Amino acid sequence: MDNIRYEEEFIWNSRGLKLFTCRWLPYNQDPKALIFMCHGYAVECSITMRGPASRLAKAGYAVHGIDYEGHGKSSGLEAYIPSFDALVDDCFDHFASVSERKENKKKQRFLWGESMGGAVALLLHKKRPTYWDGAILVAPMCKIAEEMKPHRIVISILTKLCKIIPTWKLIPTQDIVDIAIKMPEKREKARRNHYCYHGKPRLKTGNELLMVSLEIENNLHEVSLPFLIVHGGDDIVTDPSVSRLLYESASSTDKMFKLYPGMWHALTSGEPEENIDLVFSDVISWLDQRAVKNNCV
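About the thresholds
Residues numbered from 1 in each chain as written. Predicted model: local features only at pLDDT ≥ 70, side-chain atom pairs only at ≥ 80, totals over all residues. Heavy atoms only, no water. Phe/Tyr/Trp six-rings, centres within 6.5 Å; stacked < 30°, edge-to-face > 60°. Helix = DSSP H or I, 4+ residues; strand = E, 2+ residues; numbered from the N terminus. Buried < 20%, exposed > 50% of the residue type's maximum accessible area, 1.4 Å probe, protein only. Lys NZ or Arg CZ within 6 Å of the ring centre and 35° of its normal. Contact = heavy atoms within 4.5 Å. Arc of directions from axis to C-beta. Core = buried A, V, L, I, M, F, W, Y, C linked by side-chain atoms within 4.5 Å.

J.: Outline the packing of aromatic side chains, listing residues and values.
T.: By the definition in use, this model includes 10 aromatic pairs. Here the aromatic rings of Trp 112 and Phe 280 are separated by 5.8 Å at their centres, their planes lie at 15°, and the arrangement is stacked. Of this pair, Trp 112 sits in strand E5 (residues 109-114) while Phe 280 sits in helix H9 (residues 273-296); the two residues are 168 residues apart in sequence, bridging distant segments of the chain. No difference in accessibility class separates Trp 112 from Phe 280, as the two residues are buried. Plain terms: the ring middles of Tyr 131 and Trp 132 are 4.9 Å apart, the flat faces sit at 85° to each other, and that makes the pair edge-to-face. Overall, Tyr 131 belongs to the buried group, its relative accessible area being 7%. Classification of Trp 132 by relative accessible area gives buried; the value is 3%. Feature note: the residues Phe 36, Phe 92, Phe 95, Tyr 131 and Trp 132 constitute an aromatic cluster, connected by ring pairs. The aromatic ring of Tyr 195 is capped on one face by Lys 73, whose charged end is 5.0 Å from the ring centroid. In this structure, Arg 109 is placed above the aromatic ring of Tyr 131, and the distance from its NZ or CZ to the ring centre is 3.9 Å.

Written out as structure tokens, the structure is:
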């Protein structure tokens, strides 16, 4: 790739699982800051996140990603999340190990969270509130819309079933690719990625996502780091009004919410190129203002 160095590495987590990590680095340039990517449910970093990561690296940022347990090239049952807390711990351990390297210790640390990865980023912030210098939240999963929220009896039954048949693929869903990605050729590319999961969500995975959404919803006011939310106005996977609620509820003094009319869920990868260019113009401008400010201190 032009002016970018791409590298891959496998690491072992505290539970003995082999996890895939990758990084996109600006070539022959000291990075402005570090960006840590938290990908969405059922996808992975090396292919799905290549476009966004490459744009950020070309803008001068060192971008690091990790495939969660059960995702992409990492070990674990496919698309199975037995513990969201453990998933967040894996991300923190890897991101912190990168941050503490000698060449990175003085660099700013930004989180990038797409969809479910938005929830991961918010929980990483909750785990160490002052460790991160900011976050880019792309159509984040941070609350369940009221009309989609299951009745408490349904939640109780789901929780009990998880103890009996946690890995069963029982949760009915629409084809996310069809409703997330606007451009047909990009939809087909996503379907051809055999590192992505295209089946129904497993019972325990669905329950973990539900519980995490409810936890984050109850603590939106605790979000205190600088952040930029970007969300497509026609997104039907995660609700733009929920992103607005996060923006309004967060205690952050440095926060911004950008809504893009007509754009869908995958607004950094599934839109026409001119739409993606617009989003990244805003994102990189936001990052540059904060990275440059810190470098001038």
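J.: An account of the environment of Ala 266 is requested, with residue identities and associated values reported.
T.: Structurally, Ala 266 can be placed in the loop between strand E8 (255-260) and H9. Look at Ala 266 and you get buried, because its relative accessible area is 13%. Sequence separation of Ala 266 and Thr 238 is 28 residues, and the distance between their C-alpha atoms is 10 Å. In this structure Ala 266 touches Ala 180, Ile 181 and Glu 271, once residues within four positions along its chain are discounted.

J.: Can you explain the environment of Leu 267? Please cite residues and give values.
T.: Among the structural elements, Leu 267 can be located in the loop between E8 and H9. Once the C-alpha coordinates of Leu 267 and Ala 139 are considered, the two residues, 128 residues apart in sequence, prove to be 8.1 Å apart. Not counting the four nearest positions on each side in its chain, Leu 267 is found in contact with Val 138, Ala 139, Val 230, His 231, Gly 232, Tyr 260, Ile 276 and Val 279.

J.: Break down helix H6 (residues 184-192) for me, citing the residues and quoting the values.
T.: Because each turn of an α-helix spans 3.6 residues, side chains separated by three or four positions in sequence point in the same direction. Residues Lys 186, Arg 187 and Ala 190 constitute the buried set of H6. Seen along its axis, H6 keeps its buried residues to an arc of 105°; they face one direction. Exposed residues pointing more than 90 degrees away from the buried face of H6 are listed as Lys 189 and Arg 192.

J.: Run through the nonpolar core, naming residues and quoting values.
T.: Counting residues in each nonpolar core, the largest one holds 44 residues, and the members touching the most others are Phe 84, Phe 95, Val 120, Leu 124, Trp 132 and Leu 246. Not counting chain neighbours up to four residues away, the residues in contact with Phe 95 comprise Phe 36, Met 37, Cys 38, His 64, Ile 66, Leu 111, Leu 124 and Trp 132. Among the nonpolar cores identified, the runner-up in size contains 33 residues, and Cys 45, Leu 56, Val 63 and Leu 287 belong to it.

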